[in-house]
Amino acid sequence: MPDTLPSTPHSTLPQPSGPSRAGLAIIGAGVSACTLAAQLRRNGQPGEAISLWEAGRGPGGRATTRRSRHDPSLAIDHGASLFNLSSQPCPEVLPLLLEQRWVEPWTEPVAILDSAGDLRAPRDDEWLLSGPCFRGRGGMENLSQGLLSLAGEIDAHFDTLVRDIDRRQDRWLLKNAAGEILSEAESLVLTGTLLAHPRSRLTFGWPAPPLQVLAERLRDPGLNHALAAIAALRFEARSTLLLRIPADEARQWEALPFRLLAFDPSAQQRWGLWRLFSQPLPRGEWAVVVHSSATFAAEHLSVYGARSAMARQLGLPPRAEEERLVMQALARSLDEVMAQWLPPRPSERGEWQLMRWGAAFPLPRGLPQALCWNSSLKLGFCGDFIDGPGFAGVEGALRSAEALARRILGPAE
Ligand SMILES: Cc1cc2nc3c(=O)[nH]c(=O)nc-3n(C[C@H](O)[C@H](O)[C@H](O)COP(=O)(O)OP(=O)(O)OC[C@H]3O[C@@H](n4cnc5c(N)ncnc54)[C@H](O)[C@@H]3O)c2cc1C
């Protein structure tokens, strides 16, 4: 049981010169990727070399904790701040994570706000809040860190964008933006849709999604079917404002009747906000994370946070003035909403930052489970975009990865 959470509980193998070789390469290190690695190791592939490739600085994906490079104690859950279980049975890994104290029950007050400014308690069917709720202990990233610790030794590569995929002599090749081979593997799992969905053309200006280009050469009916279903997926975006509140103002935030404030549809329409999450920081400071509504984010889709992992990896140019305007708009809405509880906030105090989640939530219907594993190509998909219980949330990411691990380990089809 980790009392002080280690920063890297999983062991990474020494970096070989030349491409890494693995039985299985997993693209991504979010909740689904880490769950898949854990379940394969726990249930039948203890010795197989697994490599993991992640564009971000660490594990967690959309359920991670943002850390300052200058002050690692500054940790803010800027994506998912908690996760729920809307159905039973509970994912297999959860009891282990609770027992080893990587994860703990969420006990903070949650309220739902309507457009009249009134608060109510969440209902039993509230999206992402129904059933028991949990969070990573010490930060949401510890959910994924805990999963990696269950997986044991993994060849994990962070800060590494996989830009292209190829297949030669029954082996998968992962390539970086320079066309260099990062890894060769017998099996490949994609835990995001970036390399397979047409949105990469619009978002990153890529000529075509790399897996679609490859599919034209491979002519595999199963792959073509899966790619057609992935191309039909639609996503909602979120613009997220991160505020660091100085200690003298923080006490007022601490006294509020909620830590998580969710906006009902009428409130989302009025203020352009979806959720507000506040959390303590060291030295009496406070962090406030303000997530926009889907509509607000769609209207400001071209404005990404220049400090996001993808912007860094793709070398996208900063758009400081546009970012400032989006942050000001979100901060204005926040001030309006909070006026009934807090005195006016002195403007331009504390630090702020913008994140854009271009594909924050997949919209139903997701990729059918039947298309998640192609046994002839040894190619799989898992993540919250897979159809099933908990779709579009951490629960879906956990469940889809457990289901894929069972398919991979199951009898040959
Ligand atoms: C603002 C926000 C709030 C949320 N709130 C909640 C909530 O309250 N409750 C809840 O249950 N869920 C919530 N979610 C959703 C939840 O975060 C996701 O459902 C879950 O984290 C998905 O995990 P995943 O592993 O499927 O995908 P991801 O977390 O997206 O993991 C995929 C990973 O793959 C990496 N990747 C993709 N392509 C490449 C590539 N080519 N090369 C290298 N790396 C790559 C990405 O960087 C990413 O880290 C929220 C999401 C957002 C954005």
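Cut-offs applied
- Residues numbered from 1 in each chain as written.
- Predicted model: local features only at pLDDT ≥ 70, side-chain atom pairs only at ≥ 80, totals over all residues.
- Heavy atoms only, no water.
- Salt bridge = Lys/Arg side-chain N within 4 Å of Asp/Glu carboxyl O.
- Buried < 20%, exposed > 50% of the residue type's maximum accessible area, 1.4 Å probe, protein only.
- Axes fitted to C-alpha atoms, helices over the stretch in contact; angles between N-to-C directions.
- Helix = DSSP H or I, 4+ residues; strand = E, 2+ residues; numbered from the N terminus.
- Left-handed = near helix turned anticlockwise from the far one by under 90°.
- Contact = heavy atoms within 4.5 Å.
- Nonpolar A, V, L, I, M, F, W, Y, C, P; charged D, E, K, R; others polar.
- Pairing = 2+ DSSP bridges.
- Near = heavy atom within 4 Å.
- Polar contact = N/O pair within 3.5 Å; in protein donor to acceptor, adjacent residues only side chain to side chain.
- Areas by Shrake-Rupley, 256 points an atom, 1.4 Å probe, with all protein chains shown as cover.
- Domains from an automatic or database assignment.
- Disulfide = S-S within 2.5 Å.

Scanning the entire structure with this criterion turns up 19 salt bridges. A salt bridge links glutamate 126 to arginine 120; its shortest N-O distance comes to 2.9 Å. Note on glutamate 126: relative accessible area 15%, which makes it buried. What makes arginine 120 partly exposed here is its relative accessible area of 26%.

Bringing the packing of helix H1 (residues 31-43) against helix H12 (residues 394-409) into the picture now. At a minimum axis distance of 8 Å, the contact between H1 and H12 shows a crossing angle of 35 degrees. Viewed along their axes, H1 and H12 form a crossing whose handedness is right-handed. Note on element contacts: H12 touches H1 through Val394, Ala397, Leu398, Ser400, Ala401, Glu402, Leu404, Ala405, Ile408 and Leu409, opposite Val31, Ser32, Thr35, Leu36, Gln39, Leu40 and Asn43. Here the residues of the contact of H1 with H12 sort into 11 nonpolar, five polar and one charged.

Ordered by their spatial adjacency, three strands build an open sheet running E5-E9-E6, and the pairing between neighbours is antiparallel. At either margin of the open sheet sits one strand with a lone partner, and together these are strand E5 (83-84) and strand E6 (103-105).

Here we take up the site of the ligand. Neighbouring the ligand are 35 residues, the closest being Ser32, Glu54, Arg62, Arg275 and Asp384. Here a nitrogen atom of the ligand sits 3.0 Å away from a polar atom, N or O, in the main chain of leucine 82. In the environment of the ligand, an oxygen atom lies 2.9 Å from a nitrogen or oxygen atom belonging to the backbone of valine 394. Summarising the interface, the protein chains cover 95% of the accessible area of the ligand, which totals 1000 Å² for the free molecule. Secondary-structure elements contributing two or more residues to the shell around the ligand are H1, strand E16 (273-280), strand E18 (351-362) and H12. Here the shell around the ligand is composed, by residue class, of 20 nonpolar, 11 polar and four charged. Per-domain counts for the shell around the ligand show at least three residues from each of domain 1 (20-64 + 142-233 + 364-409) and domain 2 (83-138 + 235-361).

Glancing now at the domain arrangement of the chain. Looking at the chain, the domain boundaries give domain 1 (20-64 + 142-233 + 364-409) and domain 2 (83-138 + 235-361). With 38 residues of domain 1 in contact, the opposing surface of domain 2 contributes 32 residues. Remark: the boundary between domain 1 and domain 2 carries one salt bridge. Of the charged contacts in the structure, one is a salt bridge between glutamate 92 and arginine 42, with a shortest N-O distance of 4.0 Å. The tally of links from domain 1 across to domain 2 stands at 10 residue pairs in polar contact (both at pLDDT 80 or more). Within the residue set of the side of domain 1 that touches domain 2, elements represented by two or more residues are H1, helix H3 (141-151), helix H4 (199-204) and H12. Take the side of domain 1 that touches domain 2: its biggest share by element is seven residues, from H3. A breakdown of the residues in the side of domain 1 that touches domain 2 according to their chemical character gives 14 nonpolar, 15 polar and nine charged.

This part covers the state of the cysteines. Counted under the stated rule, the structure contains zero disulfides. The structure places no disulfide on cysteine 34, whose sulfur is separated from the nearest cysteine sulfur, that of cysteine 382, by 10 Å. Cysteine 133 takes part in no disulfide bond, and the closest cysteine sulfur, belonging to cysteine 90, lies 13 Å away.

Following glutamine 88, the chain continues to proline 89 via a peptide bond in cis, the omega torsion being -5 degrees. Of note, proline 89 is situated in the loop between E5 and helix H2 (93-99). The peptide bond linking proline 364 to arginine 365 adopts the cis configuration, its omega dihedral lying at 0 degrees. Among the structural elements, arginine 365 can be located in the loop between E18 and strand E19 (373-374). Within the chain, aspartate 159 stands out as a residue other than glycine whose phi angle is a positive 55 degrees. Residue placement: aspartate 159 occurs in the loop between strand E10 (155-157) and strand E11 (164-168).

Taken together, the seven strands give an open sheet; going across it, the order is E8-E7-E15-E16-E17-E14-E18, and neighbouring strands pair in mixed fashion. In this open sheet, the two edge strands, each paired with only one partner strand, are strand E8 (119-120) and E18. By the bridge criterion, four bridges tie strand E7 (residues 110-113) to strand E15 (residues 260-263) in an arrangement that is parallel. Paired with isoleucine 112 across the two strands is alanine 262, which belongs to E15. Helix H11 (residues 320-338) contacts E7, strand E14 (235-245), E15, E16, strand E17 (286-292) and E18 of the sheet and is inclined by roughly 90 degrees relative to E18.

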